[in-house]
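What the coordinates show
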Amino acid sequence: TGQLQPQTGDVRFQGISIKALRQRELYRLRRRIGMMFQHNALLTDLNVFENVAFPIRENTVLPESLVRNLVIMKLQMVGLRGAAYLEPAELSGGMARRVALARAIALDPELVIYDEPFTGLDPISKGVIARLIRELNRALSISSIVVTQDVSEGLAIADQVFLFAEGQIVEQGSPEQVVSSTQPQARQFLDALPDGPVPYHY
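Quick caveat, the model's predicted, so the values are computed rather than measured.

Each value, and the rule that gives it
- Residues numbered from 1 in each chain as written.
- Predicted model: local features only at pLDDT ≥ 70, side-chain atom pairs only at ≥ 80, totals over all residues.
- Heavy atoms only, no water.
- Axes fitted to C-alpha atoms, helices over the stretch in contact; angles between N-to-C directions.
- Helix = DSSP H or I, 4+ residues; strand = E, 2+ residues; numbered from the N terminus.
- Parallel < 35°, antiparallel > 145°, perpendicular 65-115°, else oblique.
- Left-handed = near helix turned anticlockwise from the far one by under 90°.
- Contact = heavy atoms within 4.5 Å.
- Nonpolar A, V, L, I, M, F, W, Y, C, P; charged D, E, K, R; others polar.
- Patch = residues over 30% accessible without salt bridge, like charges linked within 9 Å, V, L, I, M, F, W, Y side chains within 5 Å.
- Areas by Shrake-Rupley, 256 points an atom, 1.4 Å probe, with all protein chains shown as cover.
- Salt bridge = Lys/Arg side-chain N within 4 Å of Asp/Glu carboxyl O.
- Pairing = 2+ DSSP bridges.
- Right-handed = clockwise from strand over helix to strand, strands pointing away.
- Polar contact = N/O pair within 3.5 Å; in protein donor to acceptor, adjacent residues only side chain to side chain.
- Expected span 1.5 Å × (residues − 1).
- Buried < 20%, exposed > 50% of the residue type's maximum accessible area, 1.4 Å probe, protein only.

Attention now goes to the packing of helix 4 (residues 93-104) against helix 5 (residues 123-140). Running from N to C, helix 4 and helix 5 point in directions that differ by 15 degrees, and their axes come no closer than 10 Å. By the angle between their directions, the pair helix 4 and helix 5 is classed as roughly parallel. In the crossing of helix 4 with helix 5, the sense of the turn from one axis to the other is right-handed. Across from G94, R97, R98 and L101 in helix 4, the residues of helix 5 making contact are S125, V128, I129, L132 and L136. Its residues assigned to classes, the contact of helix 4 with helix 5 comprises five nonpolar, two polar and two charged.

Below, the discussion takes up a nonpolar patch on the surface. Residues F162, F164 and I169 make up a contiguous nonpolar surface patch of roughly 330 Å² in combined accessible area. Turning to its location among the elements, F162 is positioned in strand 6 (residues 161-165).

Here we come to the pairing of strand 5 (residues 143-147). Pairing of strand 4 (residues 111-115) with strand 5 involves five bridges; the strand directions are parallel. Looking across to strand 5, one finds that V112 is bridged to S144. Read as a crossover between parallel neighbours, the route from strand 4 over helix 5 to strand 5 is right-handed.

Moving on: the environment of F54. Assignment of secondary structure puts F54 in helix 2 (residues 48-59). When the C-alpha positions of F54 and D115 are compared, they lie 20 Å apart, and in sequence the two are 61 residues distant. Once you skip the residues sitting within four places of it in the chain, F54 turns out to touch L43 and L46.

So, on to the environment of D159. Structurally, D159 is set in the loop between helix 6 (151-157) and strand 6. Spatially, the C-alpha atom of D159 lies 5.9 Å from that of S174, the residues being 15 residues apart in sequence. In contact with D159, other than residues within four places in its own chain, are R134, G173, S174 and P175. A distance of 3.2 Å separates polar atoms of two side chains, one belonging to D159 and the other to R134.

Backbone geometry at N40 places phi at a positive 75 degrees, although glycine is not the residue there. Topologically, N40 is positioned in the loop between strand 3 (33-36) and helix 2. One non-glycine residue, E166, lies in the positive phi region at around 55 degrees.

Packing of helix 2 against helix 3 (residues 64-77) brings their axes to within 9 Å, and their N-to-C directions diverge by 120 degrees. The angle between helix 2 and helix 3 places the two elements in the oblique class. Judged by the twist between their axes, the crossing of helix 2 over helix 3 is right-handed. Contacts between helix 2 and helix 3 involve V48, F49, V52, A53, I56 and R57 from the first element and E64, V67, R68, L70, V71, I72, K74 and L75 from the second. Of the residues belonging to the contact of helix 2 with helix 3, the class tally is ten nonpolar, no polar and four charged.

Turning our eyes to something else, we now look at helix 4. Look at helix 4: 17 Å from first C-alpha to last across twelve residues, which is about the 16 Å you get at 1.5 Å a residue. Counting buried residues along helix 4, ten of its twelve residues qualify, which places the element largely inside the surrounding structure. Buried within helix 4 are the following residues: G94, A96, R97, R98, V99, A100, L101, A102, R103 and A104. Tucked inside the fold, the buried residues of helix 4 contact strand 3, helix 2, helix 3, strand 4 and helix 5.

Turning next to the side chain of Q185. Position of Q185 among the secondary structure elements: in helix 8 (residues 184-190). Judged by relative accessible area, which is 19%, Q185 ranks as buried. When near neighbours in sequence (up to four residues on either side) are disregarded, Q185 contacts A165, E166, V170 and P197.

Take the sheet that holds strand 3 next. Reading across from one edge, 3-4-5 is the order of the three strands in this open sheet, with parallel pairing throughout. Taken across any chain shown, the strands that pair with only one partner, and hence form the sheet edges, are strand 3 and strand 5. Between one strand axis and the next, the sheet turns through 15 degrees on average, direction left out of account. Helix 4 rests against strand 3 and strand 4 of the sheet, and its axis sits at about 170 degrees to strand 3.

So, in structure tokens, the structure goes:
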């Protein structure tokens, strides 16, 4: 929230109503939330190290020696310590996604939001990102919201699944519960069927 206000209901984080916050309070709360963008959103004029350091420098007054240690630690967590001084243009798709992940966890957030983290990745990179999301959740005691259309990877890492269609939740529950759903829209999505409630022809 901030740019967009909910038309009905409320958005809460750790019991705090987001829409009730003033701008300064909202920015303070946002520091507790990490975001990994669908297309990575790496800053092309900064190398890998500087991309991960950016949110730390913007939101803290830590000495440069500590910033360096934090950045190297985050890169180590995603297996890219040796890539610290590469430019974004030198990275493969999977590497760029891992840099974006390191930046998303740079401030040790309580919640990380992933926007289509598996889009455009080869099967090996998909598996690596899925494993990292799961491992970082446990290692850092964070929660994650993963927005994805990748059925297999999404179900493999989720504790709770919500299927949306036309702005509504059409199915929710554990991966096992959702997989066994008989709800027509859920079945069409899970089984990748062209015929069903969502029309193939326009």
